[in-house]
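# Overview (structure and organization)
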Amino acid sequence: RLYGHLRKMKGGVMNFGKWVSQELVKMNKTQEWLINRTKISVGSIQRWQKGEQPGLDAYMIICSSIARYRGLPIKDVLYQAVREHPILWKGEKK
């Protein structure tokens, strides 16, 4: 089993919260729409917008919701999210 966690990115890299906000604008949707669809708290989204990184489960929930709404395979949205917002993994093998 592989364990990992997200590390905070520094520099000119877009944070996940800003990427989510941009995607909502592109889809003409609000933060409230996303909260209702994913059941993720407004506090979590606000922390992400300030630069905190989500856990992998929240990352997947958000990306899958965007993918479903846009009618895209989740792998395409994950690729876009990772391209715009690189994830660094620190993992340990069992």
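Quick caveat: nothing in here was measured; it's all calculated off a predicted structure. (Residues numbered from 1 in each chain as written. Predicted model: local features only at pLDDT ≥ 70, side-chain atom pairs only at ≥ 80, totals over all residues. Heavy atoms only, no water.)

## Describing the overall build of the chain
- Scanning the chain from terminus to terminus reveals five helices and two strands.
- The linear arrangement of helices and strands in the chain, starting from the amino end, is β-α-α-α-α-α-β.
- Burial analysis of the chain (94 residues in total) assigns 37% to the buried set.
- For the chain, the proportion of contacts with a sequence separation of at least 24, taken over those separated by at least 6, is 68%. (Helix = DSSP H or I, 4+ residues; strand = E, 2+ residues; numbered from the N terminus. Buried < 20%, exposed > 50% of the residue type's maximum accessible area, 1.4 Å probe, protein only. Contact = heavy atoms within 4.5 Å.)

## Re unusual backbone geometry
- One non-glycine residue with positive phi stands out, namely asparagine 28, at about 60°.
- Topologically, asparagine 28 is positioned in the loop between helix H1 (16-27) and helix H2 (31-38).
- According to the relative accessible area criterion, asparagine 28 is exposed, its value standing at 72%.
- Phi is positive for lysine 39, which is not a glycine, with a value near 65°.
- Position of lysine 39 among the secondary structure elements: in the loop between H2 and helix H3 (42-49).

## Thoughts on the packing of aromatic side chains
- Under the counting rule described, the total for this entry stands at four aromatic pairs.
- Ring geometry for tryptophan 33 and tyrosine 69: centres 5.2 Å apart, planes at 75°, overall edge-to-face. Separated by 36 residues along the polypeptide, tryptophan 33 in helix H2 and tyrosine 69 in helix H4 (residues 56-70) bring together distant segments of the chain.
- On the basis of relative accessible area, tyrosine 69 is assigned to the partly exposed category, the value being 37%.
- In this structure an aromatic cluster arises from ring pairing among Phe16, Trp19, Trp48 and Tyr59. (Phe/Tyr/Trp six-rings, centres within 6.5 Å; stacked < 30°, edge-to-face > 60°.)

## With respect to the confidence of the model for the chain
- Chain-level statistics for the chain give a pLDDT mean of 79 and a share of 74% at 70 or above.
- Here residues 1-12 is a poorly scored stretch, pLDDT under 50, and it has 28 contacts once near neighbours within four places are set aside; other chains count.
- In the predicted structure, residues 88-94 sits below a pLDDT of 50 and forms 19 contacts with residues beyond four places in sequence or in another chain. (pLDDT = per-residue confidence, 0-100.)

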